[in-house]
Every structure is written in C-alpha cells, then in structure tokens.
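Read off the chains here:
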Amino acid sequence: MLSYNLSHIRELEAESIFVMREVVAQFENPVLLFSGGKDSIVMLHLAVKAFTPAKVPFPLLHIDTGHNFPETLEYRDNLVKKLGARLLVGSVQDSINKGRAVEEIGGNASRNMLQTVTLLDALEEYGFDAALGGGRRDEEKARAKERFFSHRDEFGQWDPKNQRPELWNLFNGKKHRGEHFRVFPLSNWTEMDVWQYILLEGIDMPSLYFSHDRECVNRKGVLLAKSQFVTLQKGEQWEKMRIRFRTIGDMSCTGAALSEAQTIEDIISEVAAARQTERGSRADDKRSETSMEDRKKEGYF
C-alpha cells in the first residue's frame, strides 16, 4: 500500500462534516444530490459519519438522464439499500414527455444539459431549500467561483458576481421565499484528496473506475464507450480498448481514459501523473469555453 501523510485529509473531512451539520442547522429541507460518482459517494460517506448513530437526515436526489451506465444504477441501488436511505429520482425522460425539455438531435446529441430543467423541477416539487453537491474547485474553472453556500435566486439561477463572503467559517444561509442554496462540502478537496480518502476509509467503488476492456470510439480526443446512445459518425469505428472512467455521467458524453489502474493505489498514482483534469474528458464541456459557467447560471449543479 502506498504511504502518505494524510493529516490534511482528516482536516478536509472535519471541514466537510462541519459544513453538513451547518446545513442541517440552518435549512428546513435539505437534499443531497447523488449521481453515483466518486464525489457524491464520498459526500454520502461523510454524511453518514456526520450524523451517526442517527440516519442521514436528508434524502438523496438522483437526476436520471435515462442514459446512465448500468453499473452506476446498480451501485446506487445497492448502496441506498445498504444504508436504508431515502432515494428520490428525477427523470429527464419525464421532462421530455411533459414538454419541459427538448431532446437534442444530431451525431453529438446529449441529455446532459437537459438535467437542469429536471433538477429545478424536482427542487421545487419537494420544496428543498438546500441541495448538497459534490463540486470541487479543481474540476473546472467555473467551479472555482463557488462558495460553500452558493445562493440561487427564485429561478434557480446563479450569479457569480453576487456571491456572499464567507469569513472564519461563517456561512450565510439567509434567503427569500422561493430561493435556495447549493452547498458544496468538498469545495477544498482535489481529485487526489478524494481518492486518498477513499483508500483511507476503504470505501467500495463502482467497477467503472477501474481498468477494464470496453469498445470505444475516439471522437476528437474523447473516448466514448459503445452504447445505444452513441452513433458512429462517418469514418469512425469501434475499437476495443483498456480503459477506466475518471468521472461518471451520461454515456453519450462521458469520456474514458486509457488505463491499467486496477486498484485504488494504482488510480492514485495515475492521478498524480495526470496533466488534464477529470472533466477534460467530458464532451459536453468542450462545446464552448464557458459551457460549464453558462449552465451553472441557468441552474446546473
């Protein structure tokens, strides 16, 4: 096993637990956004530690695009059953059926951007006033503009120029009726910190994060896994590759990475040598220089 000085990991753990307890103290009806990815898994693990011996005092909300990896859904359902947690699912397909969202068409169509409508509708339907998300500041430049407590207006929109100051761990959760907050307990964590914590805590992870053989297509540098949601374009072909996923999302836009990493220790070594952020393999983030920030302003995670 690799050897690390992990005192800073325990400091990050304590900070995240403090933030979660602040959420429960300040808000009436919080929810934890759960995607089945490593950050939301760690966040749920921290929530269990924060409120033991009681159960986690808020439900989980998964926004299901209908294009999820089957391994993600299987892991999600097993974990929820194990913890006895309450799971709510918002369906992008339902949003499309109701005319609330319009299905993209074309060779690069994805449902990832459609999640915003489904998420905002779910928050309004259940009356959630705070949504805990697994965003980290090292993921993408727009993430770095967030606070721990990130205010959203009555339309669920985010104004990066109107963020509230956070001094000495004082968090301002005051809001008007109809407004809510996104809360990011992992704000000060990095991808490396997350994997070191997973190793330290012995957290079981979805198989997608480990090296395996899968047919993929290389589309402008993004390795997309074979599925019914990815259509080959002219000149493309499926190739068998040994890959793993650094991030887990919609199958139509989540890119894989060539990898031989079969253990958590292998993944940590790989992350240490990486020169691209994990979201660098997301096709949806490559649509424009400000794609993430534009979606966040509209109400995205």
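Not measured: the values here are computed from a predicted model.

**Q** Give a description of the pattern of salt bridges that names residues and reports values.
**A** Side chains that differ in sign of charge can pair as their charged atoms come close. Applying the stated criterion across every chain, the model contains 14 salt bridges. Where E13 meets K49, a salt bridge forms, and the shortest distance between an N and an O atom there is 2.7 Å. A residue pair is termed long-range when its members are at least 10 positions apart, and E13 in helix 1 (residues 7–26) and K49 in helix 2 (residues 38–51) qualify at 36 residues. A salt bridge links R136 to D138, with the shortest nitrogen-to-oxygen separation between them at 2.9 Å. For D138, a relative accessible area of 31% gives the class partly exposed. One network of salt bridges, with partners in common, ties together R10, E13, K49 and E201.

**Q** How would you sum up a nonpolar patch on the surface? Please name residues and give values.
**A** Together, L167, W168 and L170 give the surface a local cluster of nonpolar side chains, amounting to about 420 Å² of exposed area. Among the secondary structure elements, L167 is positioned in the loop between strand 5 (149–152) and strand 6 (180–183).

**Q** Before we move on, can you summarise the packing of helix 1 against helix 2 with the specific residues and values?
**A** It is at 9 Å that the axes of helix 1 and helix 2 come closest, and there the two elements cross at 70°. Here helix 1 is positioned roughly perpendicular relative to helix 2, judged by the angle of their axes. On helix 2, the residues touching R10, E13, S16, I17, M20, R21 and V24 of helix 1 are M43, L46, A47, K49, A50 and F51. Each residue belonging to the contact of helix 1 with helix 2 can be placed in one class, and the counts come to 8 nonpolar, 1 polar and 4 charged.

**Q** Residues and numbers for the packing of helix 1 against helix 6 (residues 191–201), please.
**A** Running from N to C, helix 1 and helix 6 point in directions that differ by 95°, and their axes come no closer than 10 Å. The angle between the axes of helix 1 and helix 6 places the two elements in the roughly perpendicular class. Note on element contacts: helix 6 touches helix 1 through D193, Q196, Y197, L200 and E201, opposite H8, I9, R10, L12 and E13. For the contact of helix 1 with helix 6, a count of residues per class yields 4 nonpolar, 2 polar and 4 charged.

**Q** Before we move on, could you go through the pairing of strand 10 (residues 255–258) and cite the residues and values that matter?
**A** Where strand 8 (residues 222–225) and strand 10 come together, 2 bridges link them in antiparallel fashion. In the strand pairing of strand 10, L223 is matched with A256.

**Q** Describe unusual backbone geometry, listing the residues and the values that go with them.
**A** A cis amide bond links T52 to the next residue, P53, at an omega of 10°. Mapped onto the elements of the fold, P53 is located in the loop between helix 2 and strand 2 (60–64). At K220, a residue that is not glycine, the phi angle is positive and equals roughly 55°. Assignment of secondary structure puts K220 in the loop between strand 7 (212–219) and strand 8.

**Q** Please provide a residue-by-residue account of helix 5 (residues 115–126), values included.
**A** Taking 1.5 Å as the rise per residue, helix 5 with 12 residues should run 16 Å; its terminal C-alpha atoms sit 17 Å apart, in good agreement. Taken residue by residue, helix 5 has Q115, T116, T118, L119, L120, A122 and L123 as its buried positions. With its phi angle positive at about 70°, G127 sits one or two positions after the end of helix 5.

**Q** Describe the nonpolar core, with residues and values.
**A** Residues V42, F149, W195 and M205 are the most contacted members of the largest nonpolar core, which totals 57 residues. Sorting elements by how many residues they give to this core places helix 2 first, with 8 residues. The contacts of V42, once residues within four sequence positions are left out, are L186, W189, V194, Y197, I198 and I203. Counting 14 residues, the second-largest nonpolar core is a separate cluster that includes V31, L88, L123 and A131.

**Q** Let's hear about the sheet that holds strand 6: which residues, and what values?
**A** Spatially, the 6 strands line up as an open sheet ordered 3-2-1-4-6-5, and their pairing is mixed. Only two strands of the sheet have a single partner each, and these edge strands are strand 3 (87–91) and strand 5. If you compare each strand with its neighbour and ignore which way they point, the axes differ by 30° on average. Judged from the 4 bridges that link them, strand 5 and strand 6 form a sheet pairing that is antiparallel. Directly across from F149, in strand 6, lies its bridge partner V183.

Analysis parameters
Residues numbered from 1 in each chain as written. Predicted model: local features only at pLDDT ≥ 70, side-chain atom pairs only at ≥ 80, totals over all residues. Heavy atoms only, no water. Salt bridge = Lys/Arg side-chain N within 4 Å of Asp/Glu carboxyl O. Helix = DSSP H or I, 4+ residues; strand = E, 2+ residues; numbered from the N terminus. Buried < 20%, exposed > 50% of the residue type's maximum accessible area, 1.4 Å probe, protein only. Patch = residues over 30% accessible without salt bridge, like charges linked within 9 Å, V, L, I, M, F, W, Y side chains within 5 Å. Areas by Shrake-Rupley, 256 points an atom, 1.4 Å probe, with all protein chains shown as cover. Axes fitted to C-alpha atoms, helices over the stretch in contact; angles between N-to-C directions. Parallel < 35°, antiparallel > 145°, perpendicular 65-115°, else oblique. Contact = heavy atoms within 4.5 Å. Nonpolar A, V, L, I, M, F, W, Y, C, P; charged D, E, K, R; others polar. Pairing = 2+ DSSP bridges. Expected span 1.5 Å × (residues − 1). Core = buried A, V, L, I, M, F, W, Y, C linked by side-chain atoms within 4.5 Å.

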